[in-house]
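Here is what each chain is made of, one letter per residue.
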Amino acid sequence: MPVHTVCVCVPHRRTVCVGVCAPQENEQPGGTALLAAAHPPRRAPSPGAMEKTRPLWATPLQFVFACISYAVGLGNVWRFPYLCQMHGGGSFLVPYVVMLVVEGMPLLYLELAVGQRTRQGSIGAWRAVSPYLSGVGVASVVVSFFLCTYYNVINAWAFWYLFHSFQDPLPWSVCPLNGNRTGYIEECEKASSTQYFWYRKTLNISPSIQESGAVQWEPALCLVLAWLVVYLCILRGTESTGKVVYFTALLPYCVLIIYLVRGLTLHGATNGLVYMFTPKMEQLANPKAWINAATQIFFSLGLGFGSLIAFASYNEPSNNCQKHAIIVSIINSSTSIFASIVTFSIYGFKATFNYESCLNKVILLLTNSFDLEDGFLTANNLEQVKDYLASAYPSKYSEVFPQIKNCSLESELETAVQGTGLAFIVYTEAIKNMKVSQLWSVLYFFMLLLLGIGSMLGNTAAILTPLTDSKVISSYLPKEAISGLVCLANCAIGMLFTMEAGSYWFDIFNDYAATLSLLLIVLVETVAVCYLYGLSRFESDLKAMTGHALNWYWKAMWGGVSPLLIISLFIFYLSDYIITGTLQYQAWDAAQGQLVTKDYPPHALAVIGLLVASSTMCIPLVALGTLITRRLRRGDPAPVA
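Residues numbered from 1 in each chain as written. Predicted model: local features only at pLDDT ≥ 70, side-chain atom pairs only at ≥ 80, totals over all residues. Heavy atoms only, no water.

### A closer look at the side chain of D469
With respect to the element layout, D469 can be found in helix α20 (residues 437-469). Here G121 takes part through its backbone nitrogen, which lies 2.8 Å from a polar atom of the side chain of D469. (Helix = DSSP H or I, 4+ residues; strand = E, 2+ residues; numbered from the N terminus. Polar contact = N/O pair within 3.5 Å; in protein donor to acceptor, adjacent residues only side chain to side chain.)

### Overview of the state of the cysteines
Under the criterion given, the structure shown has two disulfides. The residue that forms a disulfide with C175 is C188, at a sulfur-sulfur distance of 1.9 Å. The S-S bond linking C175 to C188 shows a torsion near -80 degrees; that makes this disulfide left-handed. Here C175 is found in the loop between α7 (134-164) and α8 (186-190), whereas its partner C188 is found in helix α8, with 13 residues between them in sequence. (Disulfide = S-S within 2.5 Å.)

### So, a nonpolar patch on the surface
A contiguous nonpolar patch, built from V472, Y476, L477, L485 and L488 and spanning about 560 Å² of accessible area, is present on the exposed surface. With respect to the helices and strands, the residue L485 is situated in helix α22 (residues 479-494). Among the residues examined, L485 registers a relative accessible area of 48% and is labelled partly exposed. (Patch = residues over 30% accessible without salt bridge, like charges linked within 9 Å, V, L, I, M, F, W, Y side chains within 5 Å. Areas by Shrake-Rupley, 256 points an atom, 1.4 Å probe, with all protein chains shown as cover. Salt bridge = Lys/Arg side-chain N within 4 Å of Asp/Glu carboxyl O. Buried < 20%, exposed > 50% of the residue type's maximum accessible area, 1.4 Å probe, protein only.)

### Structural notes on unusual backbone geometry
Here the residue pair D168 and P169 is connected by a cis peptide bond, since its omega of 0 degrees sits within 30 degrees of zero. Position of P169 relative to the elements: it lies in the loop between α7 and α8. Its identity is not glycine, yet R119 carries a phi of approximately 55 degrees, on the positive side. Using a relative accessible area of 9% as the deciding quantity, one classes R119 as buried. Residue N204 is not a glycine yet carries a positive backbone phi of 45 degrees. With respect to the helices and strands, N204 occurs in the loop between α9 (193-202) and α10 (217-234). Residue class for N204 comes out partly exposed when judged on its relative accessible area of 24%.

### Topic: the UniProt feature "binding site: Na(+)" (unreviewed entry) in the protein chain
Mapped onto this numbering, the UniProt entry gives "binding site: Na(+)" (unreviewed entry) at A71, V72, N76, S300, N332, L451 and S455. In summary, the annotated positions, though distributed over 385 residues, converge in three dimensions, the widest C-alpha pair being only 12.6 Å. Within the fold, A71 resides in helix α2 (residues 60-71). In this structure A71 touches N76, S300, L301, V328 and N332, once residues within four positions along its chain are discounted. As for its placement among the helices and strands, V72 is situated in the loop between α2 and α3 (74-78). (UniProt positions renumbered as here; feature names shortened; annotations may be inferred. Contact = heavy atoms within 4.5 Å.)

### Thoughts on the packing of α20 against α22
Between α20 and α22, the least distance of the axes is 10 Å, while the angle of their chain directions is 140 degrees. Compared by their axis directions, α20 and α22 come out oblique. When you trace α20 past α22, the crossing you get is right-handed. Side by side, α20 and α22 meet where I463, L464, L467 and T468 of the first sit next to K479, I482, S483 and V486 of the second. (Axes fitted to C-alpha atoms, helices over the stretch in contact; angles between N-to-C directions. Parallel < 35°, antiparallel > 145°, perpendicular 65-115°, else oblique. Left-handed = near helix turned anticlockwise from the far one by under 90°.)

### A look at the environment of S134
Looking at the secondary structure, you find S134 in helix α7. On the accessibility criterion, S134 (8% relative accessible area) is buried. Residues S134 and L464 lie 330 residues apart in sequence; the distance between their C-alpha atoms is 16 Å.

### A short note on the pattern of salt bridges
Summed over all chains, the structure comprises six salt bridges. Here D469 makes a salt bridge to R54, at a shortest N to O gap of 2.8 Å. Taken together, the residues span a long stretch of sequence, with D469 in helix α20 and R54 in the loop between α1 (34-38) and α2 at a distance of 415 residues. In this structure, D469 and R54 share a single accessibility class: buried. E383 is the salt-bridge partner of K386, the closest N and O atoms lying 3.7 Å from each other. Of this pair, K386 and E383 both sit in helix α16 (residues 382-392), separated by three residues, roughly a single helical turn.

### A short note on the packing of α7 against α20
One way to put it is that α7 packs onto α20 with a least axis distance of 9 Å and a crossing angle of 160 degrees. Between α7 and α20, the angle is such that the two are roughly antiparallel. Judged by the sense of rotation from one axis to the other, the crossing of α7 with α20 is left-handed. In the contact of α7 with α20, the residues fall into 19 nonpolar, seven polar and no charged. (Nonpolar A, V, L, I, M, F, W, Y, C, P; charged D, E, K, R; others polar.)

### Some details on α7
For α7, built from 31 residues, the straight-helix expectation of 45 Å at 1.5 Å per residue is met to within 8% by its first-to-last C-alpha distance of 46 Å. The sharpest bend along α7 reaches about 30 degrees and sits at C148. The element α7 is extensively covered by neighbouring structure, given that 27 of its 31 residues are classed as buried. (Expected span 1.5 Å × (residues − 1). Bend = angle between axes of the 7 residues up to and from the residue.)

Given below as structure tokens:
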């Protein structure tokens, strides 16, 4: 017996009345079409439906700047140069550009298109695609919440260093004296002044993750300041964020250009640039180079967090999001390459400085040990003189030999560092040796702050947009209160990272809170649009929205290449975790003045499992809950038409 379709008119939040039809038999559970979600029929609004329309970006340029400010972040400055260093310099650009074309641009366009079409945050957007997909949006919100709790700690550290950058000399330029003032503190002597300032003065790090220690009040105050700045930037939604992104998107480039000019004039900068642009083509056969290129593109663009969907939801429906996806992708990748040029010029200066300092120490040691004439021993004849001394005075040379360091410019350039080690140790090591070091330190940490705050605008938008879209929440709390509560909750949890063991917990969140979860989220997003909602149906929606037909490139990437690539990355990370066995971390050993490897304790492993499960399980659990709810409703007596 056929089931008759009954259509009823219900109030819609954007001052219009939407016709919603009861599903027929065999109808796909895709819910109302995205076209209807974005463009409801124009009818006279009922009195109860008179609500404020959705806010929009003042200009399309604000949207582009918001996406650039969000996507161009700390990863462009401290991870991409590291990957170049690890995978053959210029040859790494080949897999990087390939992954940009087959993964980065298509997935970025997909998220922008979904957000702009549905004009809702991540939860509402995927509910519009299918009621069973609400969990995808929930998972994005959970991952973004985790990200916000620890990401803003980087801004707190940047504030801490910025405040100390006005001191002369810089506090990390020399080791402090010991209590007797007879020498330097032993920990600093065994490490370096920059490492000591980072691990002891900034973090006051504990020997292991088991020893939590107390909250460090100075970094804690900096964290409060960082969240206050973020709150002021997001206070009035797109109205305030749209103005802030002009600064967070543009000013970092001004600082990078200034640093580029300064970097190119530094002694030894060319050594770093030659190292970067000299390709090692054998790295193209290394699977890890391709995997890391794909991973960098994926996380650098911020896919899966829901931030891009949130930003696009404030666009005009006719906005050309395809063009903007291409622009943002290219600018993001170009910034990574540009930042690498700046970084490698600094690398070259630092490596050359350390290399020449090492040579000078060896020359001084040999000159004093063998009573050589001052100026006789130089870098050019050092190896020849060492061979002569070893043959002429073998017994005396054997006594001195253990103190002779092996100085190598190549090994200095190959010392690869990423993350906080690059930002707060390697860069500060180079800055302290520059003239007018206070100026360069202020500029550098000001740039880090702008990059960090710009990314935080997108991270918080991923949480706030679904919350403000919710009628239940927004009817009780104004937007300013919702923003304040989210910032307050994140700040309170973030205090964990200001404890003595906070750096270890920071690494746990950074390594495990998002990696597998985001891969699963974006995979489900792509499969849902192409195979659940229907690629041809989505193509029709996009054509109706922008007036442009979808070409073969986007359909091929969405329908096959990108999902297969994500599955490959997912399998790689799972197998890597399994092969690795017991998960380990780097702990600071004050007695040795260096990092040592330790196994994570059981409670830390439990937290890692919860971080991964709490987001990924949202997808099947919400789908199951929706299925049960719909089955229960189906058992109710049918309404009389």
